[in-house]
Amino acid sequence: MQEKFGLKMKGITLMNNLDTLERSALRLQMRKLILLSISILLASISFAQTRSTIELSKGWKFYKGKADGAHQVQFNDKGWQNVTVPHDWAIYGPFDKEIDKQVVAIVQNGEKVASEKTGRTGALPYIGEGWYRNHFEVPDYKAGQKVLILFEGAMSEPRVYVNGQKVGEWNYGYNYFYFDITNAIQSGKKNTLAVQLSNQGQSSRWYPGAGLYRKVSLIVKNAESIDQWGTYITTPYISADLAKVNVKTKVTGDNLRLQTLIVNAEGDTVARNESQTRFGKEFEQNIPVSNPQLWSPETPYLYKAITRLYQGSVLKDETTTRFGIREISYKPGTGFSLNGKVRKFKGVCLHHDLGPLGSAINVAALRRQLRILKDMGCDAIRSSHNMPSLEQLELADEMGFMFLAETFDEWARPKVKNGYNRFFNTDAEKDVVNLIHATRNHPSIVMWSSGNEVPDQHGSEGVKRAKWLQDIFHREDPTRPVTVGMDQVKATMASGFGAILDVPGLNYRTHLYEEAFKQFPQGFILGSETASTVSSRGVYKFPVVKAISKTYDDHQCSSYDLEYCSWSNLPEDDFILQDTKPWVIGEFVWTGFDYLGEPTPYDEFWPSRSSYFGINDLAGLPKDRYYLYRSRWNTSDNTLHILPHWNWAGREGQTTPVFVYTNFDSAELFINGKSMGVQKKNDSSPQSRYRLMWMDVKYEPGTVKVVAFDKNGKPAAEKTIVTAEKPSRLVLEADRTTIDADGKDISFVTVSVVDEKGNPCPTVNEQLKFKVNGNGKFRAACNGDATSLEPFHLPTMKLFNGKLVVLVQSNTNPGDIRLTVEGKGLRSGEIKLTSK
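Here goes a summary of the coordinates provided. The model shown is predicted, which means the values in this text are computed figures rather than measured ones. (Residues numbered from 1 in each chain as written. Predicted model: local features only at pLDDT ≥ 70, side-chain atom pairs only at ≥ 80, totals over all residues. Heavy atoms only, no water.)

### Description of the sheet that holds strand β3 (residues 81–83)
The criterion, for reference: For two strands to count as paired, DSSP must find a minimum of two bridges between them. What counts as a helix is a DSSP run of H or I of at least four residues, what counts as a strand is a run of E of at least two, and both are numbered from the N terminus. Convention adopted: a line fitted to C-alpha atoms gives each axis, helices being fitted over their contacting stretch, and angles between N-to-C directions are expressed from 0 to 180 degrees.
The sheet built from six strands is open, its strands ordered β3-β2-β6-β11-β8-β9 with antiparallel pairing. Either end of the sheet is taken by a strand with one partner, and the two such strands are β3 and β9 (165–169). Strand-to-strand twist in this sheet, taken as the mean axis angle between neighbours without regard to direction, amounts to 25 degrees.

This is how it looks when you write it as C-alpha cells:
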C-alpha cells in the first residue's frame with residue numbers, strides 16, 4: 001500500500017513541477033476535447049430532430065362575417081378579435097329563439113306533421129361565415145423538407161390559404177385532414193395562414209359548434225419520411241407468454257431501412273426489429289413481445305412503438321405510436337369477448353360539446369367527464385354521431401374505456417336540409433379513410449359505426465350503401481367490426497340491411513329485440529342507443545307515475561326517472577334484456593351528459609336550449625339516474641342514494657314517494673325515526689327489480705334514513721338526508737386544486753348552498769357573482785338548467801336547485817389562484833387553487 005501511495009504522491013509532485021506554459025497547453029487541449037464532445041452531442045441532438053410538430057394555438061385573429069380578400073397576405077386584420085385555438089365562436093351567444101328555427105317533422109321521433117322547433121341546435125349563433133388568420137414561421141426549415149398542416153376538426157367546410165394560395169378544402173366539420181403546403185411556404189419569413197369557414201342553417205340536429213374547435217398543427221419533416229398516419233399496429237396473436245405485434249409502416253423515399261423498438265409502460269425496450277424489405281411503399285414487421293401485459297378497461301396498459309427510418313446510416317424520420325395488446329371477438333352465442341373473457345358493454349353515448357365550453361376541445365374537461373363516468377362503472381363510449389377527437393381517444397386508452405367510433409348521422413338521404421347528405425356521394429370514402437388512418441392504433445376502439453338512424457335503412461339502395469361503407473372499413477382495418485345504429489328495425493329486416501352488418505345495432509325498439517335476433521344471422525344484438533329517459537337535476541313532479549313525452553309549465557322533467565319519449569324507454573327495459581338475454585352484448589345509454597341542442601320533449605317550447613337525456617347535467621353534475629346506473633355498473637364500490645330531496649314546504653301530509661338506488665337487494669326506510677318498512681328488489685315490475693320504492697310516504701319535515709342489508713340480512717350501509725334550514729353560506733369544492741400552468745388547464749369548482757349546520761339547500765336559485773384573482777382567470781359557469789338563457793362566459797349566474805359549476809382556467813405563470821363567489825343573503829365562499 002505504501003508503494004502505491006508513493007506512486008500517487010510522485011504523480012502529484014510531477015504535476016506541481018510543470019511550468020505555466022505546459023499547464024496552459026494542457027488546459028487548452030482539455031478545452032478542445034470538451035468543446036469537441038459538446039459539438040458531437042449537439043450534432044447528435046440536432047440529428048435526432050428529424051421532424052417537428054408545432055401546434056398553432058396562439059396568434060390567431062378571428063372575424064365573424066364575410067371578409068373579401070381575407071385570404072391575401074396584405075389584408076388588414078388589425079381590427080379582428082384575438083383568439084386562441086381551439087375556439088368555438090358561437091358558444092358566447094347570445095341565446096336566441098330565432099337562430100336556426102326549423103319547421104320540420106322529426107321523422108326519427110315518429111312525427112308526421114311539421115311544427116316549429118326552437119333550440120334544436122342550441123339557439124346559439126353558429127350559422128354564417130367566419131375567418132381565422134395567423135402568421136407563422138417554420139423554424140429550422142431546410143430545402144428538400146416537407147411541411148404539412150393538420151386540422152383535427154374545423155366547423156365547417158374549411159377553405160385553407162397559405163400566403164394567398166389556396167392549398168385545400170374539406171367539407172366535413174368532424175373529420176381530421178391535412179394538406180401538403182411545402183410549395184406554398186416561404187423559408188425564413190413569416191407565412192400567412194387564412195381559413196374560411198361556413199355553417200349553413202338546418203345543417204345539424206344538435207349544437208355543432210363553429211370555428212377551429214380542435215387543434216391545428218404544422219408538421220415539418222424530411223422528404224424521406226414516414227407518411228402521415230402511415231403506421232398501423234395490430235396484435236394478431238396473443239398468449240400468456242407471447243404476443244405478435246404486427247407493424248405496417250408506409251414511407252416515402254428510396255434506399256430506406258426501418259427500425260422499430262417496442263417500449264413498455266415503464267420505459268424499458270422489450271423488443272426490436274429492423275427491416276430493409278419493402279412491399280411497394282410499405283414495410284411490414286412482426287415483432288414478438290414476451291409476457292405481454294394486456295389492455296382492458298380494468299388494466300389499460302399501453303406500449304409505445306418507436307419507429308426510426310434510415311437512409312444508409314442517416315436517421316431521416318422518427319415517430320412514436322402508442323398501442324395496446326388486446327384481443328377482441330364477436331361470436332354467435334357468446335357475444336363480445338375482450339382478451340378471451342365474455343363481457344357486455346356498459347356504455348354511454350356522448351355528443352362532442354363540452355357544455356359551457358361549447359365544442360372547443362379541452363383535455364381537462366374531457367378527463368373530468370371520463371372520471372365521472374369511471375366512478376359510475378361505465379366502461380365504453382360511443383361518439384355520437386360523429387368522429388371523436390384524438391384527445392378523447394387518447395384519454396380512453398389511458399383511463400380504460402372501450403370505444404365505438406361513429407362516422408356519420410346522414411348518408412345520401414337527408415334528415416336535415418343542409419346536412420352531410422350534400423357531400424356523401426363525393427366525400428364519404430375519404431372521410432372514412434381519414435377516420436380509420438388517424439385513429440386505428442387506439443386499443444380503446446373495438447368497433448366502428450358507419451351511421452346512425454340513417455333514412456337509407458329503407459330499400460335496396462340503402463343496403464348497397466351500408467355494404468359499400470362496411471367494405472371500406474374492412475379494407476382499411478380488417479380487425480374491427482362495423483355496426484349501424486338502426487331505428488327502422490322492421491325495414492332493415494325486410495331489406496336485408498341489418499343482415500349484412502357485422503354487428504346489428506338497435507336504437508331503442510326493445511320490443512323488437514327478440515324478433516331481430518331471430519331474423520338477423522349474426523347471433524347477437526347490440527343496444528347501440530338505449531333508454532333516452534329524461535330528467536332535470538333536482539326537479540321532482542307529483543304524482544309520481546310513468547309518463548311519455550310529458551311536459552310541464554316550467555319546461556323541466558322529473559328526476560323520479562319515470563319519464564321518457566314516445567320512441568324510447570326506461571332504463572330497466574334495457575337492464576332486463578342485458579340480464580336475461582346472453583345474446584344481447586351490451587348497451588350505450590343516451591346520453592352520458594346533457595348536451596346543447598335537441599331539447600326533447602321541449603322541442604316546440606321556448607325557452608329550452610339543451611337536452612334532458614343526460615345521466616349527468618350540462619355542468620357535469622350527476623342526476624339521480626347516475627346512481628341507478630352506478631348501482632349496476634360499479635361492482636367494486638357500494639351505492640346508496642336517496643331521492644327526492646326532503647325540502648317540501650307546503651306538501652306536509654301529501655304523498656311523496658321515496659326511491660333508493662343501491663346495489664344492495666333490500667333496505668329499510670325511516671322517516672323521523674319511524675320505519676316505513678323493508679323493501680326488497682323483486683320481479684313484480686321492471687322498476688322494482690332494480691329500485692327500492694316506498695310509494696306511500698307522506699311528507700313531514702325532518703330526517704330520512706335508509707339502512708341497506710347484505711345478503712345475510714345484516715345492516716351493511718346507511719344514508720341520511722334532512723330538511724335543510726334557512727340558506728346560510730356558499731361551499732366551494734374543486735375537482736382538482738392543483739392544475740398545470742399551461743394556459744389551458746381548468747379546475748371545475750362546484751358551488752353549493754348549505755344551511756348553518758352544513759346541510760345542502762336543494763331549492764335555492766339565487767344569483768351569484770364570481771371573481772378570480774391571481775394566476776388564472778374565470779373561464780365559464782354552468783348550472784345545468786336547460787331553460788337558462790344566461791351566457792356561460794359572464795361572471796354571474798343563477799344557481800339551479802342549489803348548485804352550479806365555475807370553470808377556472810390557468811394562465812402560463814405558476815402560482816396561486818383564488819376564486820370568490822358571492823350571493824345575496826349568503827356568506828361568500830372562497831377557494832385557493834395552485835397552478836404549477
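Picking up where we left off.
### Regarding the pattern of salt bridges
Rule in force here: The salt bridge criterion pairs a side-chain nitrogen of Lys or Arg with a carboxyl oxygen of Asp or Glu, the two atoms within 4 Å.
Evaluation of the coordinates by the stated rule reveals 45 salt bridges. In this structure, Arg 465 engages Asp 456 in a salt bridge whose closest nitrogen and oxygen atoms are separated by 2.8 Å. Salt bridges sharing partners connect three or more residues here, namely Arg 205, Asp 409, Lys 415 and Glu 598.

### Structural notes on the side chain of Lys 221
Rules: Partly exposed residues are those whose accessible area sits between 20% and 50% of the maximum for their type, while under 20% is buried and over 50% is exposed, using a 1.4 Å probe and protein chains only. Note that His is not counted, nor are the chain ends; the positive residues are Lys and Arg, and the negative ones are Asp and Glu. Here a polar contact is recorded for every N or O atom pair within 3.5 Å, except that within protein the pair must consist of a potential hydrogen donor and a potential acceptor, and residues adjacent in sequence are included only if both atoms are side-chain atoms. Here, two residues are considered to be in contact whenever any of their heavy atoms come within 4.5 Å of each other.
The topology assignment puts Lys 221 in strand β12 (residues 216–222). Buried Lys 221, no salt bridge; nearest opposite-charge side chain is Asp 317, N-O distance 5.1 Å. A polar atom in the side chain of Lys 221 sits 2.7 Å from the backbone oxygen of Ile 226. Residue contacts for Lys 221: discarding those within four places in its chain leaves Thr 50, Arg 51, Gln 145, Lys 146, Leu 148, Ile 226, Asp 227, Gln 228 and Asp 317.

### Details of helix α11 (residues 624–633)
Burial analysis of α11 places eight of its ten residues in the buried class, which makes it a mostly covered element. Three or more residues of α11 are buried, namely Asp 624, Arg 625, Tyr 626, Leu 628, Tyr 629, Arg 630, Ser 631 and Trp 633.

### Observations concerning the environment of Asn 421
Tracing the sequence through the fold places Asn 421 in the loop between β26 (402–406) and α5 (424–439). Accessibility expressed as a relative area gives 16% for Asn 421, which makes it buried. Sequence separation of Asn 421 and Leu 799 is 378 residues, and the distance between their C-alpha atoms is 41 Å. Here the side chain of Asn 421 touches Val 416 through a polar contact of 3.2 Å, landing on its backbone oxygen.

### Section: unusual backbone geometry
For residues that are not glycine, phi is negative in most cases, and the peptide bond is trans in most cases. Note the cis peptide between Phe 542 and Pro 543, where omega equals -5 degrees. Structurally, Pro 543 can be placed in the loop between β30 (525–531) and β31 (547–548). Here the residue pair Thr 600 and Pro 601 is connected by a cis peptide bond, since its omega of 10 degrees sits within 30 degrees of zero. If you trace the backbone, Pro 601 turns up in the loop between β33 (584–590) and α11. Even without glycine at this site, Asn 163 takes up a positive phi of about 50 degrees. Relative to the helices and strands, Asn 163 resides in the loop between β8 (159–162) and β9.

### A few points about the sheet that holds strand β13 (residues 225–238)
Within a sheet, each strand pairs with its neighbour through backbone hydrogen bonds, oriented either parallel or antiparallel. Read across the open sheet, the four strands follow the order β13-β14-β18-β17; overall the sheet is antiparallel. In this open sheet, the two edge strands, each paired with only one partner strand, are β13 and β17 (278–279). The pairing of β13 with strand β14 (residues 242–252) spans eight bridges and is antiparallel. Paired with Ile 238 across the bridge in β14 is Ala 243.

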